[in-house]
2 protein chains.
Amino acid sequence: MKARAARTQRRTRIQEENEERILKAALEVFSTHGFRGSTIDQIAEAAGMSKPNLLYYFRTKDDIHRLLIERLLDTWLDPLRAIRPRGDPLAEIRSYIRRKLEMARDYPRESRLFANEILQGAPRITDALEGPLKRLVDEKAEVIRQWSREGRLAPCDPYHLIFSIWATTQHYADFDVQVRAVLGPDRGGDGRFEDAARFLEQLYLEGLKSGTKGG
Amino acid sequence: MKARAARTQRRTRIQEENEERILKAALEVFSTHGFRGSTIDQIAEAAGMSKPNLLYYFRTKDDIHRLLIERLLDTWLDPLRAIRPRGDPLAEIRSYIRRKLEMARDYPRESRLFANEILQGAPRITDALEGPLKRLVDEKAEVIRQWSREGRLAPCDPYHLIFSIWATTQHYADFDVQVRAVLGPDRGGDGRFEDAARFLEQLYLEGLKSGTKGG
DNA sequence: TAATATTTTGACCGTTTGGTAAACATTGCA
DNA sequence: TGCAATGTTTACCAAACGGTCAAAATATTA
């Protein structure tokens, strides 16, 4: 029985280990060089195996990338999904910012992989953007709009609110080098995420509390 | 006299035209595929000339990229430089956001070129980040801090304030595909920049007006 | 342990890539 | 007009690239 077929049926211990090693290495490489900027050799070396050996587990470079993106999209929107329509608006938004910042801190490579993909025109995930992503955002935007209608949140454009939270939080993963360079060795350390959280919470909670006029 | 030497002295009309054509084409290509993802052939084709012809004007692919980045950095920080310490804090911040949004709208390729560079670890511009950029940000951060001290602006971390403005405005250039996909054909049109401006101004002006407690 | 299935390797292939060399064409000017 | 400087093209190269193949090595199991 060939390995190809086997993988779809039963997976060996070695298969499981090596595929995971490859994906981990590929995430590192793809996220820092983009798809075209990464070579199979680079990934193989990072995974500690030869190129043909790697290609025994994944038929093409594209396959690896596709799987990584697929996995990513699966969990990337969890924080947004976690917004509860019945919760307190400002508390929900604060939690959302928190969770997104934690993801930027704990999964910066995933963030950069995504950013690379979008930056280059999202050739492989346009469907996901226009389908599931749009639907989820539409749903949560309606929740936010309802909060505003009920006077529990300042009236504002829910889509641009979501965009701005994406932007500000992912910035700390995607533009990490710049953030560190500007903050310098002192303030660029581990504390920067807490400083960011404090600032963003202040900005959003003050900027969005009801009683504030808005568009 | 060789062309190489001539370029440093007097530039022919043809030289001027072709170098400009090449840079324009290269900006388009580099900004959407990154450095390694772009090929000289692609740039040459976009510029409407043959590869050797292009290489007559620029010795290497790297040279083109370096020049583009150099030009970019030169104007990229103009909006930040334009912040006047003696102006009204909220008005200055509003203008800054406006200008940055306009740049995202009018020069999205430059924004993406920069984003690509930072995302991939800023290998070619670390010096610029740690030097001139950091100095400028330090200077303006002090201005902002002073505003807070004077009670004309809510106390806040000036660095993260600047980061958040960078992030939210550049987002509309760098993540354009995603923004369009989510907003859909109706709201994704030309109006999205004005909607964004309205939202961001509300957020920042309300979130930062003095009288607000902060860290 | 023997037989079988799986895993790893080295040698290789066609294509693409960045870049060169030299011949050819064009332009600008005395 | 003639001639040198400038500009363009054709043909090419070596290295890097994505990927294949068959044989060797290892692991699994009857």
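Please read all numbers here as calculations on a predicted model, not as lab measurements.

*Asks:* Honestly, the packing of aromatic side chains in this entry has me stumped. Any pointers?
*Replies:* Aromatic rings in a pair are described by how distant their centres are and how their planes are angled relative to each other. Counting across every chain of the model gives 12 aromatic pairs over all chains. Aromatic pair A:F163 and B:Y172: ring centres 6.2 Å apart, planes at 85 degrees, arrangement edge-to-face. Linking A:F163 in helix α10 (residues 158-174) with B:Y172 in helix α10 (residues 158-174), this pair reaches from one chain into another. As far as burial versus exposure is concerned, A:F163 and B:Y172 are alike and both buried. Aromatic pair B:Y56 and B:Y57: ring centres 5.0 Å apart, planes at 80 degrees, arrangement edge-to-face. Here B:Y56 falls in the partly exposed class, since its relative accessible area comes to 40%.

*Asks:* Mind showing me how you'd approach the confidence of the model for chain A here?
*Replies:* Low-pLDDT stretches of the model should not have their predicted coordinates read in fine detail. Residues with a pLDDT of 70 or more make up 93% of chain A, whose mean pLDDT is 92. Below pLDDT 50 for its whole length, residues 1-9 of chain A participates in 13 contacts with residues either more than four positions away or in separate chains.

*Asks:* Got a minute to help me understand the environment of B:R94 in this structure?
*Replies:* All names here are of chain B. Topologically, R94 is positioned in helix α7 (residues 89-106). Overall, R94 belongs to the partly exposed group, its relative accessible area being 37%. Setting aside its immediate chain neighbours within four residues, R94 contacts E201 and L205.

*Asks:* Help me understand empty space enclosed by the protein in this model?
*Replies:* One water molecule sets the probe size; rolling that probe over the atoms shows where empty space is left. The tally for this structure, following the rule as stated, stands at five cavities of 30 Å³ or more. For the largest cavity, the calculated volume is near 90 Å³. What lines the largest cavity is simply A:W166, A:A167, A:Q170, A:H171, A:D174, A:F175, B:W166, B:A167, B:Q170, B:H171, B:D174 and B:F175. Looking at the lining of the largest cavity residue by residue, the class counts come to six nonpolar, four polar and two charged.

*Asks:* I'm lost on the domain arrangement of chain A in this one. Help?
*Replies:* The figure often quoted for interface size is the accessible area lost as the parts come together. All names here are of chain A. Domain parsing of chain A yields domain 1 (3-71) and domain 2 (77-208). Relative to domain 2, the C-alpha centre of domain 1 lies at a distance of 30 Å. Carbon and sulfur atoms make up 62% of the area that domain 1 and domain 2 hide from each other, which totals about 990 Å². Of all residues in domain 1, L27, S31 and I69 bury the most surface against domain 2, accounting for 49% of the area lost on that side. Put simply, domain 1 and domain 2 have two salt bridges between them.

*Asks:* What's the story with the pattern of salt bridges in this structure? I'm lost.
*Replies:* Once their charged atoms are close, side chains differing in charge can pair, the charge on each being opposite to the other. Enumeration over the complete set of coordinates arrives at 46 salt bridges over all chains. Note that A:R66 and A:D62 form a salt bridge whose closest N and O atoms lie 2.6 Å from each other. Of this pair, A:R66 and A:D62 both sit in helix α5 (residues 61-76), four residues apart, roughly one helical turn. Across the pair B:E92 and B:R84 runs a salt bridge, and its minimum N-O distance is 2.8 Å. Residue classification places B:E92 among the buried positions, given a relative accessible area of 2%.

*Asks:* Help me out: how do you make sense of the relation of the copies chain A and chain B in this one?
*Replies:* Laying chain A over chain B is done by rotating through 180 degrees and shifting 0.0 Å along the axis; what remains is an RMSD of 0.0 Å. Those values place the two copies in the arrangement expected of a two-fold rotation axis. Closest approach to the rotation axis among the C-alpha atoms of chain A is made by A:G207, whose C-alpha sits 1.9 Å away. A share of 98% of interface residues in chain A that are also interface residues in chain B marks the association as one of identical surfaces.

*Asks:* Would you explain α10(B) in this entry?
*Replies:* Since one α-helical turn is 3.6 residues long, residues separated by three or four positions face the same way. All names here are of chain B. Over its 17 residues, α10 runs 23 Å from end to end, which matches the ideal 24 Å to within 8%, given 1.5 Å per residue. In terms of burial, α10 is largely enclosed, as 17 of its 17 residues are buried. Taking the backbone nitrogen of Y159 as reference, a side-chain oxygen 2.9 Å away marks D157 as the first, capping residue of α10.

*Asks:* Looking at this structure, how should I read the interface of chain A and chain B?
*Replies:* If you look at the interface, chain A gives 63 residues, while chain B gives 62 residues. Both faces considered, chain A and chain B share a buried interface measuring about 5200 Å² in area, 67% of it formed by carbon and sulfur atoms. Contact with chain B buries area across many residues of chain A, yet A:L119, A:H160 and A:V182 alone supply 14% of it, more than any other trio. Our count for the chain A to chain B interface comes out at two salt bridges. Of the charged contacts in the structure, one is a salt bridge between B:D157 and A:R187, with a shortest N-O distance of 2.5 Å. Summed over the shared surface of chain A and chain B, the number is 10 residue pairs in polar contact (both at pLDDT 80 or more). The set of elements that each furnish at least two residues to the side of chain A that touches chain B consists of α2 (13-37), α8 (108-119), α9 (126-149), α10, α11 (176-187) and α12 (192-208) of chain A. Among the elements that line the side of chain A that touches chain B, the one with the most residues is α10(A), at 12 residues. Looking at the side of chain A that touches chain B residue by residue, the classes come out as 29 nonpolar, 22 polar and 12 charged.

Definitions and limits used
- Residues numbered from 1 in each chain as written.
- Chains lettered and ligands numbered in written order.
- Predicted model: local features only at pLDDT ≥ 70, side-chain atom pairs only at ≥ 80, totals over all residues.
- Heavy atoms only, no water.
- Phe/Tyr/Trp six-rings, centres within 6.5 Å; stacked < 30°, edge-to-face > 60°.
- Helix = DSSP H or I, 4+ residues; strand = E, 2+ residues; numbered from the N terminus.
- Buried < 20%, exposed > 50% of the residue type's maximum accessible area, 1.4 Å probe, protein only.
- pLDDT = per-residue confidence, 0-100.
- Contact = heavy atoms within 4.5 Å.
- 1 Å grid on protein atoms, 1.4 Å probe; cavity = no way out; pocket = protein on both sides within 12 Å on 5 of 7 lines; lining within 4 Å.
- Points joined across faces, edges and corners; volume = space filled by probe spheres on them.
- Nonpolar A, V, L, I, M, F, W, Y, C, P; charged D, E, K, R; others polar.
- Domains from an automatic or database assignment.
- Buried area = accessible area lost by both parts, 1.4 Å probe.
- Salt bridge = Lys/Arg side-chain N within 4 Å of Asp/Glu carboxyl O.
- Least-squares fit on C-alpha atoms with pLDDT ≥ 70 in both.
- Expected span 1.5 Å × (residues − 1).
- Polar contact = N/O pair within 3.5 Å; in protein donor to acceptor, adjacent residues only side chain to side chain.

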